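Breakdown of the fold
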Amino acid sequence: MENTLKDKLSENINICSNPSELKITDIRVTNINGAPKHCPLIKIYTNQGIVGYGEVRDASSATYALMLKSRIVGENPCNVDKLFRRIKQFGGHSRQGGGVSGIEIALWDLAGKAWGVPLWQMLGGKFRDKIRMYADTDVDGKHTGIDMGKAIKKRIDNGYTFAKMDLGIELMLDEPGCLNAPLGFLDDIKKYSMKAINHQKGSIDMDMMMGKNYETFTIPHHATGIHITQKGLDYLENYIREVRSVIGYEIPLAIDHFGHVSIEDCIMFAKRIEKYNIAWIEDIAPWHYTSHFVKMANNCNIPLCTGEDIYLAENFEPLLSSGGVGVVHPDVLTIGGALELKKLSNMCDKYGVAMAIHMAESPVGCMAAIHCAAAAQNVLAVEFHSTDVPWWNDLAVGIDNPLVVNGFAKVPDKPGLGIDELNEELISQHIHDKYPGQWLPTTAWDNEWANDREWS
Ligand SMILES: [Mg+2]
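Source: prediction; values computed, not measured. (Residues numbered from 1 in each chain as written. Predicted model: local features only at pLDDT ≥ 70, side-chain atom pairs only at ≥ 80, totals over all residues.)

Most of strand 1 (residues 24–32) is tucked away, with 7 of its 9 residues classed as buried. With 8 bridges connecting them, strand 1 and strand 2 (residues 39–46) associate as antiparallel partners. Paired with aspartate 26 across the two strands is tyrosine 45, which belongs to strand 2. Count of turn residues in the strand 1/strand 2 antiparallel hairpin: 6 residues, of which glycine 34 carries a positive phi of about 90 degrees. (Buried ≥ 20, exposed ≤ 12 C-beta atoms within 10 Å, placed from the backbone. Helix = DSSP H or I, 4+ residues; strand = E, 2+ residues; numbered from the N terminus. Pairing = 2+ DSSP bridges.)

Encoded structure:
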C-alpha cells in the first residue's frame, strides 16, 4: 500500500531534474539563415542534462549572447530575474537587446523544464488558449494597391483575421512629381538604399549595410529633407483605397515601413487615410523622438505604434505617459525577454494602450512570443513572417505542425517553451554561410570579464 502511494505520488513529480541543484554548464550557438532572416540560436546546457533554447533577435549577432556566458555559467538558471539583473547592463536597443533577451528566454525554458510548467504559467497564467497571428504582407517591386489587396486577400483566404502591409514612399521614387528632396538625394537612395528599404523578403545583411548604403539608410526621418507633394499624397491615398476595395472594411489593416520623411508630412498622410480605417501606423518616426509621436498623435485619428527596437519596459514609458502611441509593438527578443514584456503589458494597463508583438524569428523566438501573448491581457496579435518558408515549422520538434492554423497558434501546455528538441539535421542544411559550425565549443568566452558593478 505504501509503495503504491509512493508510486502514485511520483507520477506527479518531475524526477528528471532537481531544480534547486540545477547549474548552467555551457552556452553554445548556431547561426542559421532564412528562417526568415539570420537567426542566431542559443543552447544553454546544465549539469542535469536539460538544455534551454533561446535566440538572439533576427538579423543580429551571436556575440551579444556569448559575451554573457562567463556571467551565468555555474548559476541556477531558475533564478531568472536574478540573472537578468546581472546581465541587463549588456543589452541595448534593437539588435543589441537580443543577447540578454535570448538568454532570458533560454533561462525560462530551463526553469519550465526543471519544474514541469509552461512559460505562460510562470508569467502568471494565460488570458487565452490560442493566439491571433498576423502575417505582415509585402509585394516586391513596383505594384499597385490592387496587387497588395490581392496579396492580403490570399492571407485572409488562409484564415488570417488581422492584416498588415508595408506601404512606403519608395513606391513613388519613379513617379514624377510625387516626392521632392535636395536634388540628387533621391538618386542616392535609389542607387544605394533600395535594397535596404525593400528588405522584407530577406535579411538585411552585412554587405547591404556597408559604406555609402549605411550612411544613406541611417539618416533619421526628419533630416532626409524628403517631402511628399499633394500628388504624392493622392498617389498614396489611391493605393490604400485600392487595397480596401479588394479586402473590404471588415478586417483591421495596419501599415508599416512608411519611409524616412518628416513628421509633418506623416501627419498630412495620416489625415488623408483616416477614412480607410487604419489599425495602426508603425514606426512613423524613430521611436526615441517622443515629441514627434505626440505631435502626430495629437493631429490625426489613427493609432500610432512603435516598439520593436526598444530595450526594457521602462524605455516605453515616455511614449506611453505622453500619449504618443495607441499600440506598442515589442519584440520579446529585444525588450529583454518574457518578464520585461509582462512588465510592459502591466504598464500599458496603466496608460490604456494595446499591444501587438513583433516577431520575425525562428520557432524558438516564435514560441517565446506565443507564451508572452498568452500571459498579457492587452495583446491584439503576434506577427508572423514565415508563411513562405516551407521548412520553418520543422526546425522545432514537438510544437504544432503547422503551428498557425486559420490564423491562430495554440498555446502549448508543455514545459518551458514547449519545444522537445531542435531538428539538428534541418539546422545543418541552413547554417549561415558567413557563420559556419553547429553548436561548436565556446571556450574562447570562458574568461570574458569586467568589473560589472555599475556604481562605486
Ligand atoms: Mg515593423
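For the bond running from alanine 35 to proline 36, omega is 0 degrees, close enough to zero to count as cis. Within the fold, proline 36 resides in the loop between strand 1 and strand 2. Omega for the peptide link from asparagine 401 to proline 402 comes to 5 degrees, which places this bond in the cis form. One can find proline 402 in the loop between strand 14 (396–397) and strand 15 (404–405). At aspartate 283, a position not held by glycine, the phi torsion is positive, near 50 degrees. In this fold, aspartate 283 is placed in the loop between strand 9 (278–282) and helix 12 (290–297). At asparagine 406, a position not held by glycine, the phi torsion is positive, near 50 degrees. Summarising the element assignment, asparagine 406 is placed in the loop between strand 15 and strand 16 (408–410).

Attention shifts here to helix 11 (residues 263–273). Within helix 11, the full set of buried residues consists of Asp265, Cys266, Phe269, Ala270 and Ile273. Along the long axis of helix 11, the arc covered by the buried residues comes to 140 degrees, so they all point the same way. Packed against the buried residues of helix 11 are strand 7 (227–228), helix 10 (230–247), strand 9 and helix 12. (Arc of directions from axis to C-beta. Contact = placed C-beta atoms within 7 Å.)

Sheet architecture is open: 3 strands sit in the order 1-2-3, paired in antiparallel fashion. Looking at which strands have only one partner, the edges of the open sheet turn out to be strand 1 and strand 3 (51–55). The mean inter-strand angle of the sheet, taken between neighbouring strand axes irrespective of direction, is 20 degrees. Relative to strand 3, helix 5 (residues 98–115) is tilted by about 150 degrees, and along the sheet it contacts strand 2 and strand 3. (Axes fitted to C-alpha atoms, helices over the stretch in contact; angles between N-to-C directions.)

Here we take up the environment of tryptophan 449. In this structure, tryptophan 449 sits in the segment after helix 17 (424–429). Linking tryptophan 449 and glutamate 250, residues 199 residues apart in sequence, is a C-alpha distance of 55 Å.

Here the focus is the packing of helix 7 (residues 145–157) against helix 10. The geometry of helix 7 relative to helix 10 is characterised by a closest axis approach of 7 Å and an angle of 35 degrees between their N-to-C directions. In this structure, the crossing between helix 7 and helix 10 has a hand that is right-handed. Across the interface between the two elements, Gly145, Ile146, Met148, Gly149, Lys150, Ile152, Lys153 and Ile156 of helix 7 pack against Asn238, Tyr239, Ile240, Arg241, Glu242, Val243, Ser245, Val246 and Ile247 of helix 10. By residue class, the composition of the contact of helix 7 with helix 10 is 9 nonpolar, 4 polar and 4 charged. (Left-handed = near helix turned anticlockwise from the far one by under 90°. Nonpolar A, V, L, I, M, F, W, Y, C, P; charged D, E, K, R; others polar.)

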